[in-house]
Amino acid sequence: MTRVVRIHEYGDASVLRIDDVDVPAPAADEVQIKVKAIGINRAEIMFRNHAYLQDAHFPSRLGYEASGVVEMVGASVKGFAIGDVVSVVPSPDISNGGTYGELVNVQSRLVVRHPENLSFEQGAAVWMAYVTAWGGLIEQAKLSQGEAVIVSAASSGVGVAAFQIAKTVGATVIATTRTSAKRQALLDAGADYVVATEEEDLVGRVLEITNGTGARVVFDPVGGPSFVPLTAAMARGGILLEYGVLSAEPTPVPLLTVLSKSLTLKGYLYTEVVSDDAVLERAKTFITDGLVSCALRPLIARTFAFDDIQDAHRFLESNEQIGKVVVRL
């Protein structure tokens, strides 16, 4: 029997239960991993709350990210051996398997040997954030040297990953946050500029920073009323990538601004990367190279014990952290 986290109903963090279950041997195309650390994501909180793109089938496992040691390999798997230190690229299906557990089976295409210079905690904090940021900024937007990108909800793990990826290609990062409380921490995490949207004029600041041009790329997980100033702060021909729905308010489309600037508004999910083998390999190469060179480095906000998984969720929901929340086994 193996301890895994499951939910038997939707609700707050108290619905997370550690159950004893039998974990089968890996399928032919799977790798079985003894988990050492788990990355916690807002998507899992939304899934738990029944506010996500997928429904749970109770009792449901959950979890996207983990790092650990290979315990077994499936019959058709090549390139991995027992004892390899690995981390997990998020699956397109949050509930099929799930990484919240002491032992997990993962499709081999979603397993990566993480560099020796990473801890297990860092390994568990890589792939959701960096795949999401890489897919949006590099694969979709083609962000390049000298361009400006607005990264909103910037204190998240994805936000910090976006800073680092943008800097590797020579772009200027404008981070947004509601108040100035996190300004210095965001600058320390790699942002070139920070705009506190409840205290400053976002459009005016971005135009000032970009010498009147605006930002060609916006990377936003919020939606809601902020859509209007974000589009107003964009450069002509720019692209806004919407990868989340953190705002509970309706999202207005400022059609005149979109038309007058020839803007592209793109709904984007990390699954566009992980569902395509060729794109996924490009992502793995870019991110692994960046980890080896230390140009990319996960920022860990706080680490919890496995038995404290409920507290880990509550901490992430409090929105006090900058960087990734990790659970250590």
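Look up a bit, the structure's there.
Residues numbered from 1 in each chain as written. Predicted model: local features only at pLDDT ≥ 70, side-chain atom pairs only at ≥ 80, totals over all residues. Heavy atoms only, no water.

Engineer: I would appreciate a short explanation of the overall build of the protein in the present structure.
Structural biologist: Looking only at helices and strands, the protein has eleven helices and 16 strands in total. Taking 2.2 N^0.38 as the reference for a compact globule, 329 residues should give roughly 20 Å; the C-alpha atoms of the protein span a radius of gyration of 20 Å, in line with that estimate. Out of the 329 residues belonging to the protein, those deemed buried represent 54%. Accessible surface, the protein as shown: approximately 13400 Å² in total, 52% of it carbon and sulfur. Of the side-chain charges in the protein, 28 are positive and 38 negative, and the distance between the mean point of each set is 3 Å. (Helix = DSSP H or I, 4+ residues; strand = E, 2+ residues; numbered from the N terminus. Rg over C-alpha atoms; globule rule 2.2 N^0.38 Å. Buried < 20%, exposed > 50% of the residue type's maximum accessible area, 1.4 Å probe, protein only. Areas by Shrake-Rupley, 256 points an atom, 1.4 Å probe, with all protein chains shown as cover. Lys, Arg positive; Asp, Glu negative; His and termini not counted. Charge placed at Lys NZ, Arg CZ, Asp CG, Glu CD.)

Engineer: Honestly, the packing of aromatic side chains in this entry has me stumped. Any pointers?
Structural biologist: Remark: the centre distance and the inter-plane angle together describe each pair of aromatic rings, the angle taken between the planes. Counting across every chain of the model gives five aromatic pairs. Sitting over the face of the ring of Phe315, Arg302 holds its NZ or CZ atom 5.1 Å from the ring centroid. (Phe/Tyr/Trp six-rings, centres within 6.5 Å; stacked < 30°, edge-to-face > 60°. Lys NZ or Arg CZ within 6 Å of the ring centre and 35° of its normal.)

Engineer: Honestly, the sheet that holds strand β14 (residues 264-267) in this entry has me stumped. Any pointers?
Structural biologist: The strands making up a sheet associate through backbone hydrogen bonding, with each pair oriented either parallel or antiparallel. If you walk across this open sheet you meet the six strands as β11-β10-β9-β12-β13-β14, and the pairing is parallel. Every interior strand has two partners, whereas the edge strands, β11 (193-196) and β14, have only one. On average, adjacent strands in this sheet sit at an angle of 20° to one another, irrespective of strand direction. Each of β9 (148-151), β12 (215-220), β13 (234-242) and β14 is contacted by helix α3 (residues 127-140), which is oriented at about 155° to β12, the strand it contacts most. Helix-sheet contacts for helix α6 (residues 202-209) involve β9, β10 (172-177), β11 and β12, and the interaxial angle to β11 is about 165°. (Pairing = 2+ DSSP bridges. Axes fitted to C-alpha atoms, helices over the stretch in contact; angles between N-to-C directions. Contact = heavy atoms within 4.5 Å.)

Engineer: Please explain unusual backbone geometry as it appears in this structure.
Structural biologist: Leave glycine aside and you will find that most residues have negative phi; peptide bonds, for their part, are mostly trans. Here Phe58 and Pro59 are connected by a cis peptide whose omega angle stands at -10°. Turning to its location among the elements, Pro59 is positioned in the loop between α1 (42-48) and β4 (60-61). Despite not being glycine, Lys142 has its phi angle at roughly 55°, a positive value. On the secondary structure map, Lys142 appears in the loop between α3 and β9. Within the chain, Asn211 stands out as a residue other than glycine whose phi angle is a positive 55°. Along the chain, Asn211 turns up in the loop between α6 and β12.

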